[in-house]
Every structure is written in C-alpha cells, then in structure tokens.
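# An overview of the molecular structure
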Amino acid sequence: MFELDPSQIEEYSRNKPEYYRQLALQLESLLGEDSNMVTNMAQTSAFIFQMLPDLNWAGFYLANPEKSNSLILGPYQGKVACVHIPFGRGVCGTAAQIQETQLVEDVEQFEGHIACDAASQSEVVVPLVVDGELKGVLDIDSPKKERFDTEDAAGFELLADVFLKSSSLI
Ligand code: SME
C-alpha cells in the first residue's frame, strides 16, 4: 500500500494542490484513531517519503522539553541527522523561532544552513504550532535545487495539519 507509481508522479506534476488534498485524505485514514505522537510521526514521515518524488529526507524535530529554545531530532526517513538544533539556527531553527514555513530553493544560499546530509539542495520546513506554542517542525529535503514551490509548501502545511489533528502532542 501507498506506493508511488509513474501515473501518480504525472498526477502530482499536473495538479499539485489536488494531489496534496488526496494525500491529506490518505494520511488521515492511515493515522486513523491512533493518536500516539511517536507512531504518527513515524507514519507521517514514511508516508511523505514514499508518496513524493525526489526526496532524500523527511521527518520531525521536536521542541526539546529538557532544553528551552532548542529542537531535538524525532522520527524520520533518510540518512542519520543532527540531533540538536537551537532555535534561530539553520532552516529548521528559523522556522521554529519565527513560526513561519520556510521554503528554501537553494540551501547553499541560506545563511547558517545545517548540512546534515550533503545531498540536500532544497527544503521546506513547516512549524508545528498549537495555541501559539511551538511543538516541533516538519522538515522535508530534496537532493535537487528548486525542487519545491509554494504549492508544495502549502501541501506540506496541509499534511502537517492532518498530523497535528490526529496526534496527542506532549
Ligand atoms: N537542513 C536542516 C537541518 C536538518 S537536516 O537537513 C535533516 C536545517 O538547516 O535546518
């Protein structure tokens, strides 16, 4: 289940907003009644990694309950990654600090970018905010420059929202 085939890549290219709407419905049913945060982060990362072309990393960083203003690595798909990211550092830390989605077409042009996987060339980071409080970020990386546009960023915000609504966050 949930495999990406050539016809889906075509569908994705033809109408990204519609493709992400379909993904959101599928993710909702995949997460189902279970609200465990770790389970849902693991499933959401794997689902995004499987269902979108040209990704090399997809996963979560969490607000670290043991160290304020700092992110700690959560469940993900991809190569091993940096464990701690202070708010304000790199793309994830910036999204966490200003609580706004970051769409970066070329990570080399982003001041302070953290190169966990040297293959990453572009990325989108969506902050996960509940009642004004930063709970974590969803980070999606690609080995291609300019891989993502504003429709992808809006699509990842939609998927992050499905994740948030289905999960009990700590
Ligand atoms: N690229 C991120 C760091 C995390 S990894 O890519 C998984 C950043 O600059 O925030």
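Below you will find a few notes about this structure.

Conventions adopted
- Residues numbered from 1 in each chain as written.
- Predicted model: local features only at pLDDT ≥ 70, side-chain atom pairs only at ≥ 80, totals over all residues.
- Heavy atoms only, no water.
- Near = heavy atom within 4 Å.
- Polar contact = N/O pair within 3.5 Å; in protein donor to acceptor, adjacent residues only side chain to side chain.
- Areas by Shrake-Rupley, 256 points an atom, 1.4 Å probe, with all protein chains shown as cover.
- Helix = DSSP H or I, 4+ residues; strand = E, 2+ residues; numbered from the N terminus.
- Nonpolar A, V, L, I, M, F, W, Y, C, P; charged D, E, K, R; others polar.
- Disulfide = S-S within 2.5 Å.
- Buried < 20%, exposed > 50% of the residue type's maximum accessible area, 1.4 Å probe, protein only.
- Salt bridge = Lys/Arg side-chain N within 4 Å of Asp/Glu carboxyl O.
- Pairing = 2+ DSSP bridges.
- Contact = heavy atoms within 4.5 Å.

The next point concerns the site of the ligand. Taken together, 13 residues are adjacent to the ligand, and Val91, Cys92, Ile114, Glu123 and Asp141 come closest. Cys92 has a polar backbone atom sitting 2.7 Å from an oxygen atom of the ligand. Within the complex, 99% of the 300 Å² of free accessible area of the ligand lies under protein. Among the elements of the structure, β1 (57-63), α4 (90-98) and β6 (133-142) are those that each provide at least two residues to the shell around the ligand. Its residues assigned to classes, the shell around the ligand comprises eight nonpolar, two polar and three charged.

This paragraph deals with the state of the cysteines. In total, this model carries one disulfide according to the counting rule given. Paired by a disulfide, Cys82 and Cys116 hold their sulfur atoms 2.1 Å apart. Negative torsions about the S-S bond denote left-handed disulfides, and the value of about -125 degrees found for Cys82 with Cys116 makes this one left-handed. Residue Cys82 is located in the loop between β2 (70-78) and β3 (84-86), and its partner Cys116 is located in the loop between β4 (102-104) and β5 (122-130); the two are separated by 34 residues in the primary sequence. Its relative accessible area of 33% is what places Cys116 among the partly exposed residues. Cys116 supplies the cysteine sulfur nearest to Cys92, a cysteine that is in no disulfide, at a spacing of 7.7 Å. Residue class for Cys92 comes out buried when judged on its relative accessible area of 4%.

Overall, the coordinates contain ten salt bridges when judged by the stated rule. Among the ionic pairs, Lys145 bridges to Glu108, the shortest N-O distance being 3.6 Å. With Lys145 in the loop between β6 and α5 (150-166) and Glu108 in the loop between β4 and β5, this pair connects stretches of sequence that are 37 residues apart. The exposure class of Lys145 is partly exposed, given its relative accessible area of 39%. Between Glu133 and Lys135 there is a salt bridge, and its shortest N-O distance comes to 3.7 Å. Each of the salt bridges in this network shares a partner with another, and the network as a whole consists of Lys16, Arg147, Asp149 and Asp152.

Here β5 lies mainly inside the structure; seven of its nine residues are buried. One ladder, built from three bridges, connects β4 with β5; its direction is antiparallel. When the sheet's bridge partners are listed, Leu103 is paired in β5 with Val124. Two strands pair when backbone bridges link them, and β5 and β6 are joined in this way by nine bridges, in the antiparallel orientation.

Within the fold, Tyr12 resides in helix α1 (residues 6-14). The spacing of Tyr12 and Leu52 is 40 residues in sequence and 8.2 Å in space, taken between C-alpha atoms. Those residues in contact with Tyr12, other than ones at most four positions away along the chain, are Tyr19, Tyr20, Leu52, Pro53, Arg147 and Asp152.

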